Amino acid sequence: MDEFHGKVAAITGAASGMGREFANLAASLGMKLVLADVQPKALEKAADELAKQTEVLAMVCDVRKGEHVQELADSAMARFGVVHLVFNNAGVGAGGLVWENSEEDWEWVLGVNLWGVIHGVRAFTRTMLECAAQDPGYRGWIVNTASMAGLLNSPALGIYNVSKHAVVSLTETLYHDLKLVDAPIGTSVLCPYFIPTAIAQSHRHRPDELRTDEIMTASQMAAQALTEKAVGSGKVSAADVARLTFDAIREERFYVFSHPQALGAVAERMDALVHARQPADPYAATPHLKEILKAGMKGRR
């Protein structure tokens with residue numbers, strides 16, 4: 001897919017971070033936009049600014065809820081009559097020793113990071129197939145945002161790792177399923193590493209029904225501090241990731257990496273797996289990150 005002008009892009013998590021940069025770049029390429037986010041004020045601000053460049057449909061959408069995502073797809077069709085490009089991008093973060101996370105923690109992170117992508121795939125793939133049935137020249141693309149955490153298993157990030165591994169698996173399966181039915185729809189999985197976004201503060205938008213009165217454990221505080229430090233010091237920007245992703249769409253590449261140098265750790269993990277060795281240390285090349293975690297938990301339960 002290399003023609004974007006006049007096409008329609010749907011983006012979840014569109015009010016900030018990578019989602020906003022996808023929207024900015026899509027608008028600059030002449031695309032019409034369907035923007036979704038759980039933050040009403042930030043979404044309104046993004047929509048107002050982008051509406052100066054292109055046509056915009058903005059909807060508050062909790063991607064944890066299938067009916068919200070289906071309404072988003074239906075509204076996109078009602079407004080524009082077609083959808084060509086979908087970014088299942090909304091995401092949140094949480095950390096801590098895996099046995100210390102509450103059921104509410106799991107429901108929240110998996111609800112956004114995994115179920116949000118599942119709902120997006122279910123709603124928009126069927127919509128896009130209907131578009132293809134009406135237009136022999138139709139071409140579409142789906143980008144699912146995973147993470148390098150979908151290819152590695154760093155300690156004290158268990159929920160996040162699980163959610164992102166599942167997104168990689170889902171997207172690889174989607175790729176094969178689309179090929180199986182000769183669909184004119186491509187797909188990519190985006191695996192960014194530490195990108196300066198507000199994901200470390202995503203807990204601020206956690207729904208009330210999934211909040212708890214539990215005090216954060218030492219491991220959760222240490223993981224939070226590490227994430228804030230790593231994300232805040234990231235050198236590859238969200239705008240850079242947007243450009244890399246659109247390049248991948250043009251070149252029809254499935255895997256999109258913001259930090260290809262991190263693939264060495266992935267190769268070590270795979271080598272340990274195929275040779276049935278103990279899991280490789282994901283922080284072998286960056287031991288200072290592990291030390292930050294250990295220091296944060298030292299002397300605490």
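All figures in this text were calculated on a predicted structure; none of them were measured in a lab.

Bringing the overall build of the chain into the picture now. A tally of regular secondary structure across the chain gives nine helices and seven strands. Taken against the 2.2 N^0.38 rule, which gives 19 Å for 301 residues, the C-alpha radius of gyration of the chain at 19 Å falls within 12% of a compact globule. With respect to the principal axes defined by its C-alpha atoms, the chain has extents near 60 × 45 × 30 Å. Split into buried and exposed, the 301 residues of the chain put 50% on the buried side. Nonlocal contacts in the chain, meaning residues at least 24 apart in sequence, comprise 71% of its contacts between residues at least 6 apart. Within the structure as shown, the chain displays about 14,300 Å² of accessible surface, and the carbon and sulfur contribution to it stands at 54%. Where the 29 positive side-chain charges of the chain centre and where its 35 negative ones centre are 5 Å apart.

Turning to the pairing of strand β2 (residues 32–37), a few remarks are in order. Along β2, five of the six residues are buried, which leaves the element largely enclosed by surrounding structure. Direction of pairing for strand β1 (residues 8–12) relative to β2: parallel, over a ladder of five bridges. Bridge pairing in β2 places A10 opposite V34. Read as a crossover between parallel neighbours, the route from β1 over helix α1 (residues 17–28) to β2 is right-handed. With five bridges connecting them, β2 and strand β3 (residues 56–60) associate as parallel partners. In the sheet register, V34 faces β3, and the bridge partner there is L57.

Turning next to the pairing of strand β4 (residues 85–88). Across the two faces of β4 the burial is the same, with L85 and F87 and V86 and N88 all buried. Relative to β4, β1 runs parallel, the two sharing three bridges. Residue A10 lies in a different strand from β4, and its bridge partner there is V86. Running through helix α4 (residues 103–134), the crossover from β4 to the neighbouring parallel element strand β5 (residues 140–145) is right-handed.

Okay, a nonpolar patch on the surface next. On the surface, a cluster of nonpolar side chains totalling about 290 Å² of accessible area is made up of M270, L273 and V274. Tracing the backbone through its elements, the reader meets M270 in helix α8 (residues 263–274).

What follows concerns the environment of V121. Tracing the backbone shows V121 in helix α4. For the pair formed by V121 and F87, sequence separation is 34 residues and the distance between their alpha carbons is 9.8 Å. Each residue touching V121, except ones within four places of it in the same chain, is listed here: N88, R126, N144, L170 and L174.

Attention now moves to the packing of aromatic side chains. Across all of its chains, the model carries seven aromatic pairs by this definition. When the ring of F87 is compared with that of F246, the centres are 5.7 Å apart and the planes differ by 40°; the resulting orientation is tilted. Of this pair, F87 sits in strand β4 while F246 sits in helix α7 (residues 238–250); the two residues are 159 residues apart in sequence, bridging distant segments of the chain. In this structure, F87 and F246 share a single accessibility class: buried. Geometrically, the ring pair formed by F254 and Y255 is edge-to-face, given 4.6 Å between the ring centres and 90° between the ring planes. In this structure an aromatic cluster arises from ring pairing among F4, F22, F87 and F246.

V34 and F124 are the most contacted members of the largest nonpolar core, which has 50 residues in total. Where this core is concerned, the elements lending two or more residues are β1, β2, β3, α3 (66–80), α4, α5 (158–180), β6 (185–191) and α8. Within the second largest apolar cluster, 33 residues are counted, among which are L25, L85, L190 and V236.

A surface patch of negative charge is lined by E67, E71, D74 and E130. Sorting elements by how many residues they give to the negative patch places α3 first, with three residues.

Attention now moves to the pattern of salt bridges. When charged atoms on two side chains of opposite charge get close, those side chains can pair. A complete count under the given rule lists 13 salt bridges for this structure. A salt bridge links D62 to R64; the nearest nitrogen and oxygen atoms lie 2.7 Å apart. The same class applies to D62 as to R64, namely buried.

Relative to the assigned elements, W141 resides in strand β5. In the structure, W141 is positioned 133 residues away from V8 in sequence and 11 Å away in space, judged by C-alpha atoms. If sequence neighbours within four positions are ignored, W141 has contacts with M1, H84, L85, V86, M128, I185, G186, T187, S188, I249, E252 and R253. At 2.9 Å, the side chain of W141 and the side chain of S188 are in polar contact.

Thresholds, definitions, all that
Residues numbered from 1 in each chain as written. Predicted model: local features only at pLDDT ≥ 70, side-chain atom pairs only at ≥ 80, totals over all residues. Heavy atoms only, no water. Helix = DSSP H or I, 4+ residues; strand = E, 2+ residues; numbered from the N terminus. Rg over C-alpha atoms; globule rule 2.2 N^0.38 Å. Buried < 20%, exposed > 50% of the residue type's maximum accessible area, 1.4 Å probe, protein only. Contact = heavy atoms within 4.5 Å. Areas by Shrake-Rupley, 256 points an atom, 1.4 Å probe, with all protein chains shown as cover. Lys, Arg positive; Asp, Glu negative; His and termini not counted. Charge placed at Lys NZ, Arg CZ, Asp CG, Glu CD. Pairing = 2+ DSSP bridges. Right-handed = clockwise from strand over helix to strand, strands pointing away. Patch = residues over 30% accessible without salt bridge, like charges linked within 9 Å, V, L, I, M, F, W, Y side chains within 5 Å. Salt bridge = Lys/Arg side-chain N within 4 Å of Asp/Glu carboxyl O. Phe/Tyr/Trp six-rings, centres within 6.5 Å; stacked < 30°, edge-to-face > 60°. Core = buried A, V, L, I, M, F, W, Y, C linked by side-chain atoms within 4.5 Å. Polar contact = N/O pair within 3.5 Å; in protein donor to acceptor, adjacent residues only side chain to side chain.

All we've got here are geometric facts, nothing functional implied.
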